Amino acid sequence: MKKKVRKAVIPAAGFGTRFLPATKAIPKEMLPIVDIPTIQYIIEEAVASGIEEICLVTNSYKQSIENHFDRSFELEEKLKASNDLKHLQMIEDITDMVNVVSVRQKTPKGLGHAILCARSFVGDEPFAVLLGDDIVVNRGGKGAIRQLMDVYEDTGASVVGVQPVADENISKYGIIAPSKAITDRIMEVAHFVEKPAFENAPSNMAILGRYVLSPDIFNKLEDQKAGKGNEIQLTDAIDRLAKEEAVYACQFDGNRYDVGDRKGFLQAQVEFALNRDDTKEAMEDIIEALGYIKSDKPAPAEEKPACKIFKTSPVNEAAAASKKAFQTKAATEAVEPIEAAQAIEGIQNGSLEETAIASTILEAEKEGCQK
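Residues numbered from 1 in each chain as written. Predicted model: local features only at pLDDT ≥ 70, side-chain atom pairs only at ≥ 80, totals over all residues. Heavy atoms only, no water.

1. Focus: the overall build of the protein
Tallying secondary structure elements over the protein gives 14 helices and 13 strands in all. Out of the 371 residues belonging to the protein, those deemed buried represent 47%. Taking contacts inside the protein between residues at least 6 apart in sequence as the whole, the part at least 24 apart equals 77%. (Helix = DSSP H or I, 4+ residues; strand = E, 2+ residues; numbered from the N terminus. Buried < 20%, exposed > 50% of the residue type's maximum accessible area, 1.4 Å probe, protein only. Contact = heavy atoms within 4.5 Å.)

Printed below as a string of structure tokens:
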């Protein structure tokens, strides 16, 4: 019987060195987007998705994160005395949002080790993982972690959230090698590679800060050897898990902001301010004062990378059949150019299933031509 996903783990033990000197005294998770700490956006996504309990994995420098979600009696009394009921309600809502506990990662041994620190909190239940560097906004739709929770509840298997990234960014992320298309956004994964060089990457589909994992992952993390950066990598443990049971990838809907990066942090500041009624006009005035002209037309959507699979296993029966047909054909005659063009069009289309099949066709065509 599949269990409901009730718990979430949020690793927040990193030192935030990319934001020094600000993070010398302030946890990077407490740096605000406009006037809300980044960690609060992450927890709000979890709560809106149905998460009931959250475990923060922190270190000895992160007490302010825990304090943010705790009662502040002195502040509450001051707000009551000044009859500032609006802000009083605001901080009470933060405190009452969800049950938050914390555990310490005493030694910085990597993301996988941070997740292992939450084992006693999770127990034998499936659980969500949300990384504090990634804010995902899907206006009018389900949150990223809710989309993954739906996949878990349908399949009973672990699932990672992915989106395509630019080729030059592949080496920054864990990358998936899909094996079978389930829908246009869900695939079974053959294996995972942590931060590969571009030339060694199986695809450009990167794991972007959202996971729903079965408790079996802890057995892998327990004896996981150090990997990239001499750290215990969660990606490596999931790769081992995928050799024993199905693990899926879900290309989630939503705009992701990498607020652990200066550019992503600045982008979030501007876009979040422009999407709030109480800050929109002020941000537009600032932008105009800097020499940019206001326009009633919506800004053009940022072009997102298309899905690309560089190295494939047979994806499904259709793909396997396509590969066999091309190999047979290539043995006796040249492959027609239109077929290669159609395969490339499938890759550029961005559909996971079409991409996987098209990549397999191209691989078969290449093998046939070499003969």
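What follows picks up the thread again.
2. Considering the confidence of the model for the protein
Per-residue confidence for the protein averages 83 on the pLDDT scale, and 81% of its residues sit at or above 70. Here helix H13 (residues 337-349) stands out as the element of the protein with the lowest mean pLDDT, 40, in contrast to strand E6 (residues 127-130), whose mean of 97 is the highest. Every residue in residues 313-351 is under pLDDT 50, and counting partners more than four places away or in other chains gives 61 contacts. Below pLDDT 50 for its whole length, residues 353-371 participates in 50 contacts with residues either more than four positions away or in separate chains. (pLDDT = per-residue confidence, 0-100.)

3. Focus: the pattern of salt bridges
Per the counting criterion, the structure on display carries 26 salt bridges. A salt bridge links Glu284 to Lys280; the shortest N-O distance between them is 2.7 Å. Pair noted here: Glu284 and Lys280 are both in helix H11 (residues 280-289), with a separation of four residues, about one helical turn. Residue classification places Lys280 among the partly exposed positions, given a relative accessible area of 35%. (Salt bridge = Lys/Arg side-chain N within 4 Å of Asp/Glu carboxyl O.)

4. What to know about the nonpolar core
With 51 residues, the main nonpolar core has Ile54 and Val212 as its most contacted residues. Element by element, the count of residues in this core is highest for helix H7 (residues 144-155), at six residues. Not counting residues up to four positions away in its chain, the partners in contact with Ile54 are Ala8, Ile10, Ile43, Ala46, Val98, Asn99, Val100, Val101 and Phe121. (Core = buried A, V, L, I, M, F, W, Y, C linked by side-chain atoms within 4.5 Å.)

5. Digging into the environment of Asp124
Checked against the element boundaries, Asp124 lands in the loop between helix H6 (119-122) and E6. You can call Asp124 exposed: its relative accessible area is 54%. As for Asp124 and Lys3, which are separated by 121 residues in sequence, their C-alpha atoms are 9.6 Å apart. Separated by 3.3 Å, the side chains of Asp124 and Lys3 make a polar contact. (Polar contact = N/O pair within 3.5 Å; in protein donor to acceptor, adjacent residues only side chain to side chain.)

6. Considering a nonpolar patch on the surface
Among the surface-exposed residues, Ile286, Leu290 and Tyr292 lie close enough to one another that they form a single nonpolar patch of about 370 Å² accessible area. Here Leu290 lies in the loop between H11 and helix H12 (317-332). (Patch = residues over 30% accessible without salt bridge, like charges linked within 9 Å, V, L, I, M, F, W, Y side chains within 5 Å. Areas by Shrake-Rupley, 256 points an atom, 1.4 Å probe, with all protein chains shown as cover.)

7. Quick look at unusual backbone geometry
Of note, the bond from Leu20 into Pro21 is cis; its omega dihedral lies within 30 degrees of zero at 10°. Relative to the assigned elements, Pro21 resides in the loop between strand E1 (7-11) and strand E2 (32-33). Its identity is not glycine, yet Val34 carries a phi of approximately 65°, on the positive side. Residues other than glycine seldom take positive phi values, yet Asn83 does so here, at roughly 60°.

8. What to know about the packing of helix H10 (residues 262-274) against H11
At a minimum axis separation of 7 Å, H10 and H11 run at an interaxial angle of 125°. In terms of orientation, H10 and H11 fall into the oblique class. Note on element contacts: H11 touches H10 through Lys280, Met283, Glu284 and Ile287, opposite Gln269, Val270, Ala273 and Leu274. Class assignment of the residues belonging to the contact of H10 with H11 gives a composition of five nonpolar, one polar and two charged. (Axes fitted to C-alpha atoms, helices over the stretch in contact; angles between N-to-C directions. Parallel < 35°, antiparallel > 145°, perpendicular 65-115°, else oblique. Nonpolar A, V, L, I, M, F, W, Y, C, P; charged D, E, K, R; others polar.)

9. A word on the packing of helix H3 (residues 73-81) against helix H4 (residues 85-96)
For the pair H3 and H4, interaxial distance at closest approach is 8 Å and the crossing angle is 155°. When the axes of H3 and H4 are compared, the pair comes out roughly antiparallel. The hand of the H3/H4 crossing is left-handed. In this structure, H3 uses Leu75, Glu76, Leu79 and Lys80 to contact H4, whose residues at the interface are His87, Leu88, Ile91 and Glu92. Residues that form the contact of H3 with H4 fall into these classes: four nonpolar, one polar and three charged. (Left-handed = near helix turned anticlockwise from the far one by under 90°.)

10. Some details on the side chain of Thr38
Its location among the elements puts Thr38 in helix H1 (residues 38-48). Given the relative accessible area of 2%, Thr38 is considered buried. Engagement of the side chain of Thr38 in a polar contact is seen with the backbone oxygen of Glu29, the distance being 2.8 Å. If we ignore the near neighbours within four places in the chain, the residues touching Thr38 are Lys28, Glu29, Met30, Leu31, Ile33, Ile135 and Val259.

11. Focus: the packing of aromatic side chains
The final tally for this structure, using the stated rule, is five aromatic pairs. Ring centres of Tyr41 and Phe272 lie 5.1 Å apart, and the angle between their planes is 85°; on these two criteria the pair is classed as edge-to-face. One end of the pair, Tyr41, is in helix H1; the other, Phe272, is in helix H10, with 231 residues separating them in the sequence. An identical accessibility class is assigned to Tyr41 and Phe272; each is buried. Look at Tyr257 and Phe272: their rings are 5.3 Å apart centre to centre, the planes differ by 80°, and that puts the pair in the edge-to-face class. Note that Tyr257 is positioned in strand E13 (residues 255-258) and Phe272 in helix H10, a separation of 15 residues in sequence. Phe272 carries the same exposure label as Tyr257, and that label is buried. (Phe/Tyr/Trp six-rings, centres within 6.5 Å; stacked < 30°, edge-to-face > 60°.)

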